[in-house]
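Geometric and topological summary
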Amino acid sequence: MLVPLLFVGITTNAGTHKLSPLDQEANAMLSISKELWSNQHNNVSNRCNWPGVNCNKAGSITLLSPPTPSNFTDEFRTQLCSLKLNFSVFQNLVHLDLSEMGLCEFPKLRGLKKLQHLNLSYNYLGGEVPFTLLENLTQLLVLDLSANSFRGSIPLIFGQMSSLTHMNLSNNLLFGEVPFTLPNLTQLLVLDLSQNELSGFIPHEIGKLTNLLTLDLSSNSLSGPIPEQIGYLNRLTSLHLHSNLLSGFIPHEIGKLTNLLTLDLSSNFLSGPIPEQIGYLTRLEVLSIGSNRIDGCIPKEIEHLLHLETFVTIIFVSKIDRNLSLLFHCYLDYNPFLDNEYYDCDDHLNDHHNKHFGRSLVLVIIVVCVTISLGSVGIGICIFRARHHGKLENKATKNGDLFSIWNYDGKIAFEDIIQATEDFDIRYCIGTGAYGSVYEARLPSGKTVALKKLHKTESENPSYYKSFCNEVEVLTEIRHCNIIKLYGYCLHNRCMFLVYEYLERGSLFCNLANEIEAQELNWSKRVNIIKGTAYALAHMHHHCPSPIVHRDVSSNNVLLNSELEACVSDFGTARLLDPDSSNQTLLVGTYGYIAPELAYTMSVTTKCDVYSFGVVALETMMGHHPGEFMSTMSKPSTQQLLVKDVLDPRIPLPKSRKDMQDVVHVVKLALACLSSDPKSRPSMQDVANELSASKASTNLSFYDVSIYQLMQYQVHVI
């Protein structure tokens, strides 16, 4: 039974004996082990070695981050919810992470003057934010209370927490105005108040937060104009004000935000033209101002946005500048006043593209051309464009051969795809991805391709649309034999799909789940699948112009061809890392594969993919997801398991010496990748090098190697 954490002295016949601080911590940890570690750890003398625990040199605890419970039954959830946790005894605590623990009661934190990082996100905490429990946390740098059920207004006391660098109160039920005291937090780098019920104006004082890198006030009910003082935030890389009730013009001062990568002002009531100062945002990659009342012309200064990858807007234009063809992706949202007809825009592309862009890319241009004298409105659509050594091919075929999709005659290829799938009939659907459904299409040329199509409701969802564009962006940057090939795509408000190479065997997950197919995957084939996955990730992390993090590496996203070679797929959540940015991100990925540090940080690194790879590697060896094994890895009983006892029992144990060595080597590398400390994990290049070298893992007999032995070796191997 779970009991409250009460930290008291010991009563004897001689009176009350006050425990030393370390003894008090030991008693506290004994209670915590029963509650937050599910009785997995009772040896408090070894508490500094528990997963999610760090200590200073004196043995006093500085970090507490219990692993997320794996047995979230209704009974267990109810027990966790009833806890009244008191952490006041941990006077040297610097980092406290209780995210995803099912808590309903705010923990007691009084006296934790050294606390710098507090994460209580993804719990069931409700009521008003208990500011009295936070007012003494004068050293706090990171505060994350997101994804709870807090109500009421944002406490003014937050404005006095002058050391804060990260504040995340998103996804709650907070209402009222943005406090006028928040702009006093001049050290803030990240302020996220999105997905609440905040109202009123954005305070002019917001301009005092000159160190901000990310400002997210989206999905509230904020009204009034965007304050001109927003221009003072010249370090901003991400500004999200979408899905509010904002009105007025887009201020010219927004052109001062020259470090912006993402600007999202969509789904408001903004009016007037796009200011020409938008051209000063030369680092901008995503510009979204759709679902507003914007009018006028697209300013010619937009040609200066050489890094722009997504431009989303509803706009009535009296003229269209040829320089719009410089955009990587230019998409104008559905507008009921626009006719859906094709317009030949080929002549707009050739000259300007090669003049301004040396690298190869896929272009999708959808432009609106309005002829006022005739009162007619037309949509110009170039469905397919080439990625071919920086030049667009100009060949056309009548049979719609897929590999002619890279010419200007995209309409023919489009019609062939519609015909091959009978307008995406359910009979051709072979599965679903992270977004959209996947179809098999046999073209007139005899070639078979896979199509990932967004349905209408999905194409209208901004997050799905962003994933669609993101997948195109990433897959046009990389070519590798172990990464799925993108052949082309269609971007239109009525029909959006991606065209891929077709991989006959489907996902690794399905092959492992099928008893017959799993038996076909012998040990050498499984090792080869793991190698291919590692090579793909190493290429993305270390051999691209900018490192690319997949963020959703799972057995569902590793596909197999007819030769059982692995291809990494589904790049909808992938991200290019910026060496000059904190690379903050929302939590995305597949449950069970997500690196644990993403639960308490907002920064994505290549080490997140390394962790996910470790899960996939173990899953391939064990034949099923290793969740239960991972949750008990620190248990002595689990560590004493022999490697041969955790392998997939559906196929015989390896018989050749090479297979034995390879299997042990893979398991050892997988365990290294699953280190709770990202810095202790190897890089994917290290993993790829180790797998390529295929050196022996141990001199011990295969039948005697234990998990504990491999866990001991992991730090020294990489």
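Now for a quick tour of the structure. (Residues numbered from 1 in each chain as written. Predicted model: local features only at pLDDT ≥ 70, side-chain atom pairs only at ≥ 80, totals over all residues. Heavy atoms only, no water.)

1. Considerations on the overall build of the protein
A tally of helices and strands in the protein yields 16 helices and 35 strands. Partitioning the contacts of the protein with sequence separation of at least 6, the portion at a separation of at least 24 is 57%. Counting every atom, the protein has about 30,900 Å² of accessible surface; 51% of that belongs to carbon and sulfur. (Helix = DSSP H or I, 4+ residues; strand = E, 2+ residues; numbered from the N terminus. Contact = heavy atoms within 4.5 Å. Areas by Shrake-Rupley, 256 points an atom, 1.4 Å probe, with all protein chains shown as cover.)

2. Comments concerning the pairing of strand β11 (residues 173–176)
Sheet topology places strand β9 (residues 149–152) next to β11; 2 bridges connect them, and they run parallel. Of the residues in β11, the one forming a bridge with R151 is L173. Sheet topology note: the β11/strand β13 (residues 197–201) ladder contains 2 bridges and is parallel. Counted as the bridge partner of F175 is E197 from β13. (Pairing = 2+ DSSP bridges.)

3. Some remarks on the nonpolar core
Membership of the largest hydrophobic core comes to 84 residues, with the highest contact counts inside it found for F468, I478, F571, F613, M621 and L671. Sorting elements by how many residues they give to this core places helix α10 (residues 606–622) first, with 10 residues. Counting residues in each nonpolar core, the second largest holds 79 residues, with A28, L93, L96 and L182 among its members. (Core = buried A, V, L, I, M, F, W, Y, C linked by side-chain atoms within 4.5 Å. Buried < 20%, exposed > 50% of the residue type's maximum accessible area, 1.4 Å probe, protein only.)

4. Points about the side chain of Q277
For Q277, the position within the fold is in the loop between β19 (269–272) and β20 (286–288). If near-sequence neighbours (up to four positions away) are discounted, Q277 is found in contact with H252 and G255.

5. Concerning the state of the cysteines
Here the structure, examined in full by the defined rule, presents 1 disulfide. Each sulfur in the disulfide pair C48 and C55 lies 2.0 Å from the other. Residues C48 and C55 share a disulfide whose torsion about the S-S bond is about -95°; that sign makes it left-handed. By relative accessible area, C48 is classed as partly exposed at 30%. With no disulfide of its own, C567 lies 7.4 Å from the sulfur of C481, the closest cysteine sulfur. Relative accessible area serves as the criterion here: at 4%, C567 is assigned to the buried category. (Disulfide = S-S within 2.5 Å.)

6. Observations concerning the sheet that holds strand β34 (residues 566–568)
The strand order across the open sheet formed by 3 strands is β31-β33-β34, and the pairing between neighbours is antiparallel. The strands lining the two open edges of the sheet, one partner per strand, are β31 (506–507) and β34. Packed on one face of the sheet, helix α9 (residues 523–542) meets β33 (558–560) and β34 and runs near 30° to β34. (Axes fitted to C-alpha atoms, helices over the stretch in contact; angles between N-to-C directions.)

7. Brief notes about the pairing of strand β17 (residues 245–249)
Pairing of strand β15 (residues 221–224) with β17, which is carried by 2 bridges, proceeds in the parallel orientation. Residue pairing across strands places S223 opposite L245, the latter belonging to β17. The pairing of β17 with β19 spans 3 bridges and is parallel. Directly across from S247, in β19, lies its bridge partner F269.

8. Thoughts on the packing of aromatic side chains
Per the counting criterion, the structure on display carries 5 aromatic pairs. Summarising the aromatic geometry, the rings of F87 and F90 are spaced 6.1 Å apart at their centres and angled 40° between planes, so their arrangement reads as tilted. A ring pair is formed by F424 and F497, whose centres lie 5.6 Å apart and whose planes are at 50°; its orientation type is tilted. Taken together, the positions of F424 in the loop between α4 (410–420) and β26 (429–432) and F497 in strand β30 (residues 496–501) put the pair 73 residues apart, joining distant regions of the chain. Each member of the pair, F424 as well as F497, carries the same accessibility label: buried. Of the aromatic side chains, those joined through ring pairs into one cluster are F424, Y439 and F497. (Phe/Tyr/Trp six-rings, centres within 6.5 Å; stacked < 30°, edge-to-face > 60°.)

9. Some details on the sheet that holds strand β7 (residues 126–128)
Through backbone hydrogen bonds, the strands of a sheet pair up, either in parallel or in antiparallel fashion. If you walk across this open sheet you meet the 8 strands as β7-β9-β11-β13-β15-β17-β19-β21, and the pairing is parallel. Edge strands, defined here as strands with exactly one partner in the open sheet, are β7 and β21 (293–294).

10. Focus: the packing of α10 against helix α14 (residues 657–673)
Close contact between α10 and α14 brings their axes to 8 Å; oriented N to C, the two are set at 145°. Two packed elements cross with a definite hand, and for α10 against α14 that hand is left-handed. Residues V610, Y611, F613, G614, A617, L618 and M621 of α10 touch α14, and the partners they reach there are V663, V666, V667, A670, L671 and C673. Within the contact of α10 with α14, the residues separate by chemical class into 12 nonpolar, 1 polar and no charged. (Left-handed = near helix turned anticlockwise from the far one by under 90°. Nonpolar A, V, L, I, M, F, W, Y, C, P; charged D, E, K, R; others polar.)

11. Topic: the pattern of salt bridges
Under the counting rule described, the total for this entry stands at 10 salt bridges. Among the salt bridges present, the one from D570 reaches K452, with a minimum N-O distance of 3.3 Å. Taken as a pair, D570 in the loop between β34 and β35 (575–576) and K452 in strand β28 (residues 448–454) lie far apart in primary sequence, 118 residues in all. Exposure remark for D570: the relative accessible area of 8% places this residue in the buried category. Judged by its relative accessible area of 5%, K452 falls in the buried class. Salt-bridge contacts for D648 lead to R650; the nearest nitrogen and oxygen are separated by 2.9 Å. Taking the relative accessible area as the measure of exposure, R650 reaches 22% and is therefore partly exposed. (Salt bridge = Lys/Arg side-chain N within 4 Å of Asp/Glu carboxyl O.)

12. Some thoughts on α10
Between its first and last C-alpha, α10 extends 25 Å over 17 residues, near the 24 Å set by a 1.5 Å rise per residue. Where burial is concerned, most of α10 is hidden: 17 out of the 17 residues are buried. At the exit of α10 stands G623, carrying a positive phi of roughly 90°. (Expected span 1.5 Å × (residues − 1).)

13. Points about α14
For α14, with 17 residues, the first-to-last C-alpha span of 24 Å sits near the 24 Å given by 1.5 Å per residue. Burial analysis of α14 places 14 of its 17 residues in the buried class, which makes it a mostly covered element.

14. Describing the environment of V687
Structurally, V687 can be placed in helix α15 (residues 684–693). Residue classification places V687 among the buried positions, given a relative accessible area of 0%. For the pair V687 and V666, spaced 21 residues apart in the sequence, the C-alpha separation amounts to 9.3 Å. Setting aside residues up to four positions removed in sequence, V687 forms contacts with A534, F613, L669, C673 and P682.

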